[in-house]
Amino acid sequence: MNVIFLGPPGAGKGTLAKEAAKAYGIPHISTGDIFRENIKNQTELGKKAKAIIDAGELVSDEITIGLVKDRLAQDDTKNGYILDGFPRTIAQAQALETFAKIDAAVNFDIADEAVVERLSGRVCCKACGQMFHTAFNPPKKPGTCDACGGELFTRDDDKAEAIQNRLVVYRSSTAPLIDFYREKGLLVNVDARPAPEQVLAEFTRKFPRQ
């Protein structure tokens, strides 16, 4: 089962990808993880990516596609994989078709207002990085981390204005992929509004384990 996860920031793709990967025994492949791994291992593509990131620029499609192609060629993908964060554009999706066969593109469907509510309530521990949510997963003591007692804060990218900007970027650049995969008959919609365990249950209903 080779699947792509699509959806706006805050849809819960990363959380579900980790759980689904465990349930199906296939790797969760995140482009962020691929970059970090290649930079850590100082591969040729990793060195190029690091130089670009250090300069404050965006890594080109060519390098991103090369990194994903290398990752999908590894042995642990032979029974399938979940791609999270790639492709982000139509050009990347077209390139992916040249070296991978995708069985489905799963669109985690959620309204912008729900995303803002979900992300703007997130708080993070300054000391250990543990995440909480003021409405859905509040700390026992407001403003204090349950894990280490550190101070909790709202990250800049989780403030309402920043979230709106992220959604605008997503809708303009990544959302066209929904139409791209719908036209190919590969799009599967999953309601991303319920709790993660309910979303996973819907996912496994739509993709029965072999």
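The structure reproduced in this document is the subject of the present report. Here the structure is a predicted model, which is why all the values come from computation and not from measurement.

**Structural notes on the environment of D54**
Consideration 1: By the element assignment, D54 lies in helix α3 (residues 44–54).
Consideration 2: With relative accessibility at 54%, the residue D54 sits in the exposed group.

**Structural notes on helix α4 (residues 61–72)**
Consideration 1: With 12 residues, α4 should reach 16 Å at 1.5 Å per residue; the first-to-last C-alpha distance of 16 Å fits that figure.
Consideration 2: Those residues of α4 not exposed but buried are I63, T64, I65, G66, L67, V68, R71 and L72.
Consideration 3: Of the surrounding secondary structure, the elements contacted by the buried residues of α4 are β2 (28–30), α2 (31–40), α3, β3 (81–84) and α5 (90–96).

**Regarding the nonpolar core**
The tendency in soluble globular proteins is for nonpolar side chains to be buried side by side.
Consideration 1: Core analysis: the biggest nonpolar cluster contains 29 residues, and I4, L6, L72, Y81, L83, L96 and Y181 have the highest contact counts within it.
Consideration 2: Sorting the residues of this core by element identifies β1 (2–6), α2, α3, α4, β3, α5 and α8 (176–183) as the ones contributing at least two each.
Consideration 3: Per element, the largest residue contribution to this core is five residues, and it comes from α4.
Consideration 4: Among residues more than four places away in sequence, those in contact with L96 are I4, L72, L83, F86, P87, I102 and Y181.
Consideration 5: Grouped together as the second largest cluster of nonpolar side chains are 25 residues, A11, Y24, I82 and V190 included.

**Re the packing of aromatic side chains**
Consideration 1: Counted according to the given criterion, the structure contains five aromatic pairs.
Consideration 2: For the ring pair F5 and F203, a centre distance of 5.6 Å and an interplane angle of 80 degrees mean the geometry is edge-to-face. Within this pair, whereas F5 is found in strand β1, its partner F203 is found in helix α9 (residues 196–206), the two being separated by 198 residues in sequence.
Consideration 3: By relative accessible area, F5 is classed as buried at 2%.

**Topic: the side chain of S30**
Consideration 1: With respect to the secondary-structure elements, S30 resides in strand β2.
Consideration 2: The class of S30 is buried, set by a relative accessible area of 13%.
Consideration 3: Here G32 takes part through its backbone nitrogen, which lies 3.2 Å from a polar atom of the side chain of S30.

**So, the pattern of salt bridges**
A side chain of one charge can pair with a side chain of the opposite charge if their charged atoms are brought near each other.
Consideration 1: Applying the stated criterion across every chain yields a total of 16 salt bridges.
Consideration 2: As a salt-bridge pair, K184 and E97 come within 3.0 Å of each other at their nearest N and O atoms. Residue K184 is located in the loop between α8 and β8 (187–191), and its partner E97 is located in the loop between α5 and β4 (104–109); the two are separated by 87 residues in the primary sequence.
Consideration 3: Judged by its relative accessible area of 42%, E97 falls in the partly exposed class.
Consideration 4: Residue R171 is joined to D112 by a salt bridge in which the shortest nitrogen-to-oxygen separation is 2.5 Å. Taken together, the residues span a long stretch of sequence, with R171 in helix α7 (residues 160–174) and D112 in helix α6 (residues 112–120) at a distance of 59 residues.
Consideration 5: Here the salt bridges do not stand alone but share partners, grouping R122, R155, D158 and R166 into one network.

Conventions used here
Residues numbered from 1 in each chain as written. Predicted model: local features only at pLDDT ≥ 70, side-chain atom pairs only at ≥ 80, totals over all residues. Heavy atoms only, no water. Helix = DSSP H or I, 4+ residues; strand = E, 2+ residues; numbered from the N terminus. Buried < 20%, exposed > 50% of the residue type's maximum accessible area, 1.4 Å probe, protein only. Expected span 1.5 Å × (residues − 1). Contact = heavy atoms within 4.5 Å. Core = buried A, V, L, I, M, F, W, Y, C linked by side-chain atoms within 4.5 Å. Phe/Tyr/Trp six-rings, centres within 6.5 Å; stacked < 30°, edge-to-face > 60°. Polar contact = N/O pair within 3.5 Å; in protein donor to acceptor, adjacent residues only side chain to side chain. Salt bridge = Lys/Arg side-chain N within 4 Å of Asp/Glu carboxyl O.

That is the geometry; function is a separate question.
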